[in-house]
Structure formats: C-alpha cells, structure tokens
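Geometric and topological summary
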Protein chains: 2
Amino acid sequence: MEKIGLIAGGGRLPVIFAREARKRGAYIIGFAIKEVASQDLDTACDKVHWLNTGQIKKFLFLLMVERIKRIVMLGKVDKSIVYGSVEEGQDYLNLLKNARDKSDYTILDRITSELGKRGVEVKSGMEYLSDLLLPKGVLTKRHPSQEETEDISFGFSVAKELARLDIGQTIVVKDKAVVSVEAMEGTNRTIERAAELCAGGFVVIKVSRPHQDMRWDVPVVGPETIKVIAENKGKVLAIEEKRMFLVEKETCVSLADSNDISIVVG
Amino acid sequence: MEKIGLIAGGGRLPVIFAREARKRGAYIIGFAIKEVASQDLDTACDKVHWLNTGQIKKFLFLLMVERIKRIVMLGKVDKSIVYGSVEEGQDYLNLLKNARDKSDYTILDRITSELGKRGVEVKSGMEYLSDLLLPKGVLTKRHPSQEETEDISFGFSVAKELARLDIGQTIVVKDKAVVSVEAMEGTNRTIERAAELCAGGFVVIKVSRPHQDMRWDVPVVGPETIKVIAENKGKVLAIEEKRMFLVEKETCVSLADSNDISIVVG
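To start, this report covers the structure provided alongside it. Going along each chain's sequence as written, the residues are numbered from 1 onward. Chains and ligands are labelled by the order in which they are written, letters from A for the one and numbers from 1 for the other. The model is predicted, so local features are restricted to residues of pLDDT at least 70 and side-chain atom pairs to those at 80 or more, both for listing and for counting; the totals for chains, interfaces and linings are taken over all residues. Based on all heavy atoms of the structure, the side-chain values leave hydrogens and waters out of the count.

In this section: the packing of helix α8 (residues 187-198) of chain A against helix α8 (residues 187-198) of chain B. Any two packed helices are characterised by how steeply their axes cross, that is the angle between the axes, and by the distance between the axes. At a minimum axis distance of 14 Å, the contact between α8 of chain A and α8 of chain B shows a crossing angle of 150°. Classified by the angle their axes make, α8 of chain A and α8 of chain B are roughly antiparallel. Considering only the axes of α8 of chain A and α8 of chain B, their crossing is right-handed. Between α8 of chain A and α8 of chain B, the contacting residues are Arg189, Arg193, Glu196 and Leu197 of chain A on the first element and Arg189, Arg193, Glu196 and Leu197 of chain B on the second. Its residues placed into classes, the contact of α8 of chain A with α8 of chain B shows 2 nonpolar, no polar and 6 charged. To get an axis, fit a line to the C-alpha atoms, keeping to the stretch in contact for a helix; angles then go from 0 to 180 degrees between the N-to-C directions. Each helix is a run of DSSP H or I of at least 4 residues and each strand a run of E of at least 2, with the numbering of both proceeding from the N terminus. Under this scheme an angle from 65 to 115 degrees is roughly perpendicular, one under 35 degrees roughly parallel, and one over 145 degrees roughly antiparallel; angles in between are oblique. By definition, any crossing whose near helix is turned counterclockwise from its far helix by less than a right angle is left-handed, and any crossing with a clockwise turn is right-handed. Every residue pair with non-hydrogen atoms within 4.5 Å of one another is taken to be in contact. Any residue that is not Ala, Val, Leu, Ile, Met, Phe, Trp, Tyr, Cys, Pro, Asp, Glu, Lys or Arg is counted as polar, Gly included; the first ten are nonpolar and the last four charged.

Here is the structure:
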C-alpha cells in the first residue's frame, strides 16, 4: 500500500484528494494546518496530525516518525501565515534566506527543496484529481452574451499576463475594461471591490500561471467563488481549461443556475 | 495672444497650467467639469464655463462660440463619469461606437478624434508644465533603506508591465512581493488596501505608461498621495523620472519629511 503524506491547507481540495486517493488504495497521513484545514480531514484521511504553522520542528519530526517519503501539498495557505511562522526566529529552516523574492513560487520552491534534503519527495496530487480538470465548454444553463464573450476573451489575455508576472490570477472585467486586479487580497475581495466600482454585471476571470507547477499550485474554484459572484451581482465566471480545479462541480453549477450566472471553461 | 481652451478635470494640475500659461501670455478659457474641477479655476483662467459631463452639446456649442482652435485636457476625470454621460443616449457623439475596448486610451483617442473633426486640435500642456517633471534623485531627508531600494527596483519593473497592459499605474510592494495593484479604484484605495494586507512599511510605486500620450495622460502625484501614504504607514513613494508630474513639490517634500517618508524619483 502506497503511503502518502498530505500537507493540508484550507478549502475542500485536501479532503477530496484524501477520499479519492484512499478509494484507489493509498494510505493517507494528513498534516493539517490548524484553523485553516477542514475538520473533515479527520474522517477523510487514515490518520491526521494537526499542526500550527509555527510547529516546523514537530512537523519534520513527525515526517520521520511516520516514515513519509512522498508528500502532496494541497489547499490554500495564506501567505501571512507563512511569514508569521518564518518570523518566529526559526533560523534552522532558513526558508527565505537569500531568496530572490518572496513570491509564492519562491516560498514553495524553498519548502520543496527543504523536504528534498530530508528524503521527502513532493508529488503532484493530479493523478487522483484529474476528474476536477475540465475541457472547454459552458457548464450552466445560462450562456454568456456576445458582450460577455468578448469580455472573456479580452480578460483571458490580460489575466494570463498578470499570472505570468506572478501577481495574482483573478481579474474582473466589464465592457472590455479591467475593473479590479487581484494581488494579495485574494479572489473574494477582488470580486467585492469590482461590485463597488461598477455595480454588477461583470465577468470574473481566473487563470493558472503559465509555468505552473502541478505539484503545488493548481488554482481552485468552488461553490464559495460562485456565492461571492452571486452576492455581488456578477454574471460570468470564466476559468481556464485543464489547468484548474473546479471542486464540487454539481453544487457550483446548481448555484450558478439558480443565480443566472454562466460558468465558462475557455 | 494665443487663446487656449482648457478642459479641466479634478486636482491641482489644471489650475497650475492655467496660471503658468497666463504668466507666459496665453489667454485661457476653461471648460471646467462641475463637482470635479477646482473652484480656483475661476481666478486662474481668464474665463470659465462650468459644465456637467452630460452637457456635450453645450460644450461643442461653446467651443464654436469661443472660436477655440487649440485645447488642453488636464486633470482627473473618473471613468464612471464618462460612462454616465455616454449612456445618456447622446448618439450624436458616438464616442465609443465600435471601440476596440473601453480603456482610458480608447476613450481619450475618440474624444481627440471627435474634436479634430470640429477643427479643434488637442495639444499637450507640457510646454507650460515642464518644471513639474523631475530628474532622478531622492527629494526627501529620508533615503530608502537597502531593502526598500530593492523593492523599488523590483516594483518599477512590475509596474511598467502593468502600465503596458493599460490596467493601472500604481502598485504597492513589500519584501519583493506585490501587495496590491491598482485597476479602476485609483491610487488612494490601492494604498489603503495595502495597509490592511500588510500593516505598513511598504513602498508605493507609480509609473507612466510606456507609450504615454503627453497630450492627455501625464500621471500626477501630489500632497494628497503623500498624505494617504502617511496615514497608512507607508515608507516610500517612488515615481518615474521625467514622465510624471509632481505638483506642489515643496508641500509634498515637507509632508514627506515630517512623516519620515522617502520620495524617490527613479
């Protein structure tokens, strides 16, 4: 039986991974981040260790005790948490020492490299999650209007440029103008700001990074994103095909349908 | 005597232009946008017409009556105001009909072209405002730290890319990570958001567009920007040399000095 460690941040993705991987015969040991990861991990994994982000020593000790050789990192971890833990004076890890910058990729690259030094390989969760990647198409009853279709096409090209710069992966577009751009505040606040600036009817675009590392970094959208769009009177969510996860697809589509929102995979 | 029309949006720039141009012998007729333009235009110009953005017919009539052949457009006009006026059904202007998109440049290009058809040339205000363009250097008592200098350099390169995409011209950086990016919300809200996300100590970068049209579009910073940075505990304002205006320079520097902020022209 394959034993896989799972560093679990927020959201549904770690839970979905654990369930799918166990269905297919893997033994999953969760390392769940307290106050961020879902309590459902307790039942979704074979075993779970709950850790604060500051408990890096304990984490490394548990990795050894559990004889973990393969690990998957899934779920959102707010960058401020990583900073918090690094700033606690844990110089034994030296995560960001001499780092080129403090972008997500730099941080994750350092973590991967630190784990590698300890004989732990960071793997992609993809082989168990490929059902969540979608081909091109419209998932909802509502299809985008001609204007919205043009906004989607305009928005994808702008969003890909921003993703390439490693700033953020979400933008909101209306009438071929960029209303708001995500940086550190996250998708939800970017959508809420757009609503304040243009009073609804907008298109939300979310894309992957051009050189995305499938081990760490597959963007996720789920019911929460649809809810925020609905509450803020947006009309379309456009996501990129095959390089992003749509979690709880049925819930997403049903939420979108009942709020007259289009979900477009483009 | 040279007669120049001045379409005046918000901020100090139209007032400064009118004063400078009159000092040098021009006769200035202001077309001031109500609730946006400064009341000081009444004394700064030789004559002022106050207009709502919806009063496009009246504006075109006045241009003819006043025999305006040269016009300068200065000062900030919120895009929502332009939308508002266009959406009032004034199809005789057809400002945005068949437009590629609704970016600032597209809108301004259309306005310039519409004025051209009526024999009015849109001129740059630059020849009267060149004193407001600055060479490289540090203007304040406080010089940026080594870390801040690196953030300035990192930030300029990212901000230039965003400006090239015609999204926004301001970003906030801390520790070589982009904290917030401006789109439609404007500079002040981008700075305020950064403060919520990283609790101060950040670097604000403002740049021009790579293919900036000096007739319409010279970015402006002034005392208000310094005040917002101070209130939100930012440490540095970095602006681009020779392609942006620093208005009320003495006030800006004195405000920055008393709040321990660096102003860097880079």
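Right, let's get into a nonpolar patch on the surface. On the surface, Phe61, Met64 and Val65 of chain A cluster together to form a nonpolar patch covering roughly 340 Å² of accessible area. Secondary-structure assignment places Val65 of chain A in helix α3 (residues 56-65). Two joining distances apply to patches: 9 Å for like charges and 5 Å for nonpolar side chains (Val, Leu, Ile, Met, Phe, Trp, Tyr), and every residue must have over 30% relative accessible area and no salt bridge. The Shrake-Rupley method, run with a 1.4 Å probe sphere, supplies the accessible areas, and residue values consider only the shown protein chains as cover. Each reported salt bridge corresponds to a side-chain nitrogen of Lys or Arg within 4 Å of a carboxyl oxygen of Asp or Glu.

On to the sheet that holds strand β1 (residues 3-8) of chain A, then. Residues and elements named next belong to chain A. A pair of strands is treated as paired once DSSP finds two or more bridges between them. Pairing is parallel across the open sheet formed by 5 strands, whose spatial order is β3-β2-β1-β4-β5. Two strands in the sheet have a free side with no partner beyond their single neighbour: β3 (47-51) and β5 (121-123). On average, each strand axis in the sheet is inclined to that of its neighbour by 25°, with strand direction left out of account. Here β1 runs beside strand β2 (residues 27-33); their pairing, made up of 6 bridges, is parallel. Bridge pairing links Ile7 to Phe31 in β2. Relative to the sheet, helix α1 (residues 13-23) contacts β1, β2 and β4 (70-74), its axis offset from that of β1 by approximately 170°. On top of the sheet, α3 reaches β1, β2, β3 and β4; it is set at about 160° to β3, its chief contact.

Moving on, we come to the nonpolar core. In these notes, a set of buried Ala, Val, Leu, Ile, Met, Phe, Trp, Tyr and Cys residues joined through side-chain atoms within 4.5 Å is what counts as a nonpolar core. The classification of residues rests on relative accessible area computed with a 1.4 Å probe and restricted to protein chains. Under 20% of the type maximum is buried, over 50% is exposed, and intermediate values are partly exposed. Membership of the largest hydrophobic core comes to 38 residues, with the highest contact counts inside it found for Ile167 and Ile205 of chain A together with Ile167 and Ile205 of chain B. If we skip the residues at most four places from it in the chain, Ile167 of chain A touches Leu162, Glu182 and Ala183 of chain A together with Val158, Leu162, Val178 and Val181 of chain B. Ranked by size, the runner-up nonpolar core spans 28 residues in total, among them Ala18, Trp50, Leu74 and Val247 of chain A.

Okay, the pattern of salt bridges next. Under the counting rule described, the total for this entry stands at 42 salt bridges over all chains. Three or more residues joined by partner-sharing salt bridges are found here, namely Arg142, Glu148, Lys235 and Asp260 of chain A.

Turning next to the packing of aromatic side chains. Residues and elements named next belong to chain A. Note on aromatic contacts: the rings of Phe and Tyr and the six-membered ring of Trp form a pair at centre separations within 6.5 Å, being stacked when their planes are under 30 degrees apart, edge-to-face when over 60 apart, and tilted otherwise. In total, this model carries 4 aromatic pairs over all chains according to the counting rule given. Both rings, one in Phe31 and one in Phe59, keep their centres 5.3 Å apart while their planes meet at 80°; by these two values the pair is edge-to-face. Separated by 28 residues along the polypeptide, Phe31 in strand β2 and Phe59 in helix α3 bring together distant segments of the chain. For the residue pair Phe31 and Phe59, the accessibility class agrees, reading buried in each case.

This part covers the pairing of β4 of chain A. All names here are of chain A. For β4, the buried fraction is high: 4 of the 5 residues fall into the buried class. Where β4 and β5 come together, 3 bridges link them in parallel fashion. Looking at the pairing, Arg70 lines up with Glu121 of β5.

Residue and element names in this part refer to chain A. Here strand β8 (residues 177-181) lies mainly inside the structure; 5 of its 5 residues are buried. Across 4 bridges, strand β7 (residues 170-174) lies against β8 in antiparallel orientation. Looking across to β8, one finds that Val172 is bridged to Ser180. In sequence, β7 turns back onto β8 through a hairpin of 2 residues, with Asp175 there showing a positive phi of about 50°.

Attention shifts here to the sheet that holds strand β9 (residues 203-206) of chain A. Residues and elements named next belong to chain A. Taken together, the 6 strands give an open sheet; going across it, the order is β6-β13-β11-β9-β7-β8, and neighbouring strands pair in mixed fashion. Since the sheet does not close on itself, it has two edges, and those belong to β6 (137-138) and β8, each with one partner. Here 4 bridges tie β7 to β9, and the two strands are oriented antiparallel to one another. Counted as the bridge partner of Val173 is Val203 from β9. Sitting on the sheet, helix α7 (residues 146-164) is in contact with β7, β8, β9, β11 (236-239) and β13 (262-265), with an inclination near 35° to β9.

Turning our attention to the environment of Ile205 of chain B. All names here are of chain B. Here Ile205 shows up in strand β9 (residues 203-206). In this structure Ile205 comes out as buried when scored by relative accessible area, which is 0%. Spatially, the C-alpha atom of Ile205 lies 9.9 Å from that of Lys160, the residues being 45 residues apart in sequence. Among all residues touching Ile205, those that are not within four sequence positions of it are Asp151, Ile152, Gly155, Phe156, Ala159, Gln169, Thr170, Ile171, Val173 and Ala238.

Let us look at the environment of Leu139 of chain A. Residue and element names in this part refer to chain A. Take Leu139: it is sitting in the loop between β6 and α7. Residue classification places Leu139 among the partly exposed residues on the basis of a relative accessible area of 22%. Each C-alpha atom, one on Leu139 and one on Ile263, is 5.6 Å from the other, the two residues being 124 residues apart in sequence. With residues up to four places along the chain from it excluded, the contact list for Leu139 reads Leu134, Leu246, Val253, Ile263 and Val265.

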